[in-house]
Amino acid sequence: MKDKISKSYEQSKNIYDDILTSNKWWSKLYLWLFWNGVDDNEIQKRLLEHIPDDFSGKLLDVPVGTAVFTYNKYKKLKNADIRCLDYSTEMLAQAKMRFYENSINNVDTIQGDVGDLPFEDETFDIVLCMNGIHAFPNKEQAYKEMHRVLKKGGKFLVSLYVEKEYIISDLLVKLVLSKKGWFSPPFETISSLKNRISKNYVIEDFYSQKSKSIIYFVATKKGDSYEI
């Protein structure tokens, strides 16, 4: 499964940014037809606003992808210690180049697996996971690992696809994106996600738009133990 996912993201590396940011006419059409016109730029911008520009702690970004959404934010986080991890070496190479071209020097890029994070317990003040959970093959292990490396009282910032909000998006995910390896079932619904997150975090913000399948939430870690 991991090899399939890695291959799928390698194949999409040249169009990945255009799809997510709707820079092209065809990507705007794609978002309008299949995602009910969801504005991923706006969702990610709203999520990143929860990180103050004077943040000076440790931040984990997993998966970083190409850093298309985060590099402008990281320009402002001059006092932060940032680790960016991705399973795809192709995505990671693009992120690394983007950081270099924008003179962002306080970021380390790491190839690795979210299911086996190479960090000590309670290392990070913030764990950021944008458009990642719906792609992770072992979601339970990913949730557990991200919780493990986050400090008690730390912030968990997430954007992801949820099913049963827009039938056309669900069909696209089932018939195309999952088969290609870009998404990996099973998927959360809004109710299952809130139930899962509330066991281990206090939900501070939960943003969803009616009949749209991409949402975000911000939550604060309650304690050390992880409840399934």
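Before any of the text, the structure's been laid out above.
The model shown is predicted, which means the values in this text are computed figures rather than measured ones. (Residues numbered from 1 in each chain as written. Predicted model: local features only at pLDDT ≥ 70, side-chain atom pairs only at ≥ 80, totals over all residues. Heavy atoms only, no water.)

**Here's the deal with the packing of helix H3 (residues 25–34) against helix H8 (residues 167–180)**
Logical step 1: At a minimum axis distance of 8 Å, the contact between H3 and H8 shows a crossing angle of 115°. The orientation of H3 relative to H8 falls into the category roughly perpendicular. Where H3 approaches H8, its residues Tyr30, Leu33 and Phe34 are matched on the opposing element by Ile168, Ser169, Leu172 and Leu177.
Logical step 2: Across the contact of H3 with H8, the residue classes break down as six nonpolar, one polar and no charged. (Axes fitted to C-alpha atoms, helices over the stretch in contact; angles between N-to-C directions. Helix = DSSP H or I, 4+ residues; strand = E, 2+ residues; numbered from the N terminus. Parallel < 35°, antiparallel > 145°, perpendicular 65-115°, else oblique. Contact = heavy atoms within 4.5 Å. Nonpolar A, V, L, I, M, F, W, Y, C, P; charged D, E, K, R; others polar.)

**Some words on the sheet that holds strand S6 (residues 201–207)**
Logical step 1: Spatially, seven strands are ordered S3-S2-S1-S4-S5-S7-S6 in an open sheet, and the strand pairing comes out mixed. In this open sheet, the two edge strands, each paired with only one partner strand, are strand S3 (107–111) and S6. Averaged over all neighbouring strand pairs, the angle between strand axes comes to 15°, with direction disregarded.
Logical step 2: In terms of strand pairing, strand S4 (residues 124–130) meets strand S5 (residues 150–161) through six bridges, oriented parallel. Looking at S5, one finds that Phe124 is bridged to Leu150. (Pairing = 2+ DSSP bridges.)

**Looking at the pairing of S5**
Logical step 1: For the handedness criterion, the β-α-β arrangement of S4, helix H7 (residues 139–149) and S5 is classed as right-handed.
Logical step 2: Pairing of S5 with strand S7 (residues 214–221) involves seven bridges; the strand directions are antiparallel. Within S7, the residue paired with Ser159 across the bridge is Tyr216. (Right-handed = clockwise from strand over helix to strand, strands pointing away.)

**Some points on the state of the cysteines**
Logical step 1: Scanning the entire structure with this criterion turns up zero disulfides.
Logical step 2: Between Cys84, a cysteine without a disulfide, and Cys129, which holds the nearest cysteine sulfur, the sulfur-to-sulfur distance is 12 Å. (Disulfide = S-S within 2.5 Å.)

**Here we look at the nonpolar core**
Logical step 1: Of all hydrophobic cores here, the largest spans 38 residues; its most connected members are Trp35, Ile51, Tyr74, Ile82 and Phe99.
Logical step 2: When residues of this core are traced back to their parent elements, those giving at least two are helix H4 (40–48), helix H5 (71–76), strand S2 (81–86), helix H6 (89–101), S4, S5, H8 and S7.
Logical step 3: Excluding anything up to four places from it in sequence, Ile82 contacts Leu59, Tyr74, Leu77, Asn106, Val107 and Asp108.
Logical step 4: Counting 28 residues, the second largest nonpolar core, distinct from the first, contains Val62, Val149, Ile197 and Phe217. (Core = buried A, V, L, I, M, F, W, Y, C linked by side-chain atoms within 4.5 Å. Buried < 20%, exposed > 50% of the residue type's maximum accessible area, 1.4 Å probe, protein only.)

**Comments concerning the pairing of S6**
Logical step 1: Across six bridges, the pairing between S6 and S7 is antiparallel. Along S7, the bridge assignment pairs Ile203 with Ala219.
Logical step 2: Hairpin connection, S6 to S7: the antiparallel pair is bridged by six residues, and Ser211 has positive phi, about 60°.

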